[in-house]
Amino acid sequence: MDWLFSLATTLLVFGAAIFILVLVHELGHFLAAKAFGMRVEQFSIGFPPRLFGKKVGETDYCVSGTPLGGYVKIAGMMDESMDASFENEEPKPWEYRSKPVWQRVIVITAGVIMNMILAYVIFTGVVYTYGVNQIPAENIPGLYIPDNSLADRVGFETGDRIVAVNNEELESIENTRLLSMSDITSSDLSFTVLRDGERVQLYAPPGFMDELNDEPEFTDLLTNALPSHVGFVGEGTPAEEAGLKANDEIVAIDNVPVDYWLEMVEKIQSAESALLFEIERDGERKQMNITPEDNLVGIGPINAFEFFDSETERYSLLASVPKGIQRGNDTFMGIINGFKQLLTGAISFRENLGGPVAIASVTAEATERGGMLGFWNITAFLSITLAIMNILPIPMLDGGHLMFLIYEGITRREPSMRVKMALQQIGFILLIGLMIFVTFNDILRYVG
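The structure presented is a predicted model; accordingly, all values stated were derived computationally and were not measured.

The rules we used
Residues numbered from 1 in each chain as written. Predicted model: local features only at pLDDT ≥ 70, side-chain atom pairs only at ≥ 80, totals over all residues. Heavy atoms only, no water. Core = buried A, V, L, I, M, F, W, Y, C linked by side-chain atoms within 4.5 Å. Buried < 20%, exposed > 50% of the residue type's maximum accessible area, 1.4 Å probe, protein only. Contact = heavy atoms within 4.5 Å. Helix = DSSP H or I, 4+ residues; strand = E, 2+ residues; numbered from the N terminus. Pairing = 2+ DSSP bridges. Expected span 1.5 Å × (residues − 1). Bend = angle between axes of the 7 residues up to and from the residue.

Undergrad: I would appreciate a short explanation of the nonpolar core in the present structure.
TA: One recurring pattern in soluble globular proteins: nonpolar side chains tend to sit buried together. Core analysis: the biggest nonpolar cluster contains 47 residues, and Phe156, Phe191, Phe218 and Ile250 have the highest contact counts within it. In this view, Phe218 contacts Leu150, Ala151, Val154, Phe156, Leu179, Phe191, Phe208 and Leu212; residues no more than four positions away in its chain are not counted. Phe30, Val72, Met77 and Ile108 belong to the second largest nonpolar core, which has 21 residues in total.

Structure, rendered in structure tokens:
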């Protein structure tokens, strides 16, 4: 029965997150339409068939049977229902089609805007309620800089300790992030490091932003400071079979000293045979031979926030707002970079694109691990993802409707209903095809 309880919990948590996201998104369209005097005929959570609801005034507020979405049916607008019965009638003052283009643009984009606002509000609330877990910069020792990495090209050297970014003293690091959005978009991005007791100034080279898109992990340089301590050992792995344990400190591999986690990983991944590990455990030195499998030995790093003695800083509601906005911006850029890597083939489309099953699983897992904090963080993440997906210029999505309006604004004439209908149907087929692909991909991934 455990699996049944787990499934019910997953569906409940996922359903709650989706309900919030869809409600806020559709509320954006609804409020904007009403503000401009448009008649809203239906406000639905879910797609048809209609299950239940109540009509209040001119609007039918209902819950429909097909989940993972919702819609607001506005009079005089061809939407997901593809209802064009009004085509041969004269436009009425309360209809969408009778309003100026700028008003219709606001109505179409209001859902996306509301999803972004929701994410900012959630992140602000999280910062205010839970505070910010951060590591004082003085607790972080030098960094390990791999050869030919972006950090290496910027001018960092192994052992450097970052003390300032853009001439602002670095007081702490939160969520492993070294750089905020304001840092990245600065035209003269610079770093001050402490090297051999002296402060050295480094500057981002030309083309830095393009290189950052290829190596987004540069913003997570805290990983480079992790020492070569074992955080966990996987079951049935070469490391476990050799006797390696959590909290062991790896001090040398093949008699070559190692200090950093990444330094150790490089040696393991380049190995072609068994490696001699020298470890320190409870003040004693031990040696063991470990043969990597697929360039892995089955160990993971320690938690940086535990090792470097993090602390939680509390903020007033007013001070929480910029922190929440910063988190929202960083999440937005992280998702955009993820899409770029998918489209350029830098990461596998099949292995990294998730559908409803994957999203439900991740949402439930985040809630199980982090409680309400985990739930709200993943909900904010999904809200921004929903906003980005909806604004894509694909017919059937808000971005597709926006393209129609941009065309009308430029040419001063509306696309024909036949063209709209054809493009809507193409968009519908594309979206259904994508949904089927990601759903089956999820199933194969989890069954496998």
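Undergrad: What is the right way to read the pairing of strand β12 (residues 275-281) from this model?
TA: Successive side chains on a regular strand alternate, one facing one side of the sheet and the next facing the other. With respect to burial, β12 is a largely interior element, five of its seven residues being buried. Bridge count between strand β10 (residues 249-253) and β12: four bridges; the pairing is antiparallel. Bridge pairing in β12 links Ile250 to Ile279. For β12 and strand β13 (residues 284-290), the ladder comprises seven bridges, and the chain directions are antiparallel. Across the sheet, residue Arg281 finds its bridge partner in β13, namely Glu284. The hairpin turn running from β12 into β13, its antiparallel successor, is two residues long, and Asp282 in that turn takes a positive phi close to 55 degrees.

Undergrad: Can you walk me through helix α2 (residues 101-130) in this structure?
TA: Each turn of an α-helix holds 3.6 residues, which means side chains three or four residues apart point in the same direction. Look at α2: 43 Å from first C-alpha to last across 30 residues, which is about the 44 Å you get at 1.5 Å a residue. Along α2, the sharpest kink reaches roughly 45 degrees, centred on Ala110. Where α2 ends, the next residue or the one after it, Gly131, has phi of about 75 degrees, a positive value.

Everything listed here is a matter of coordinates, which is why it stays silent on function.
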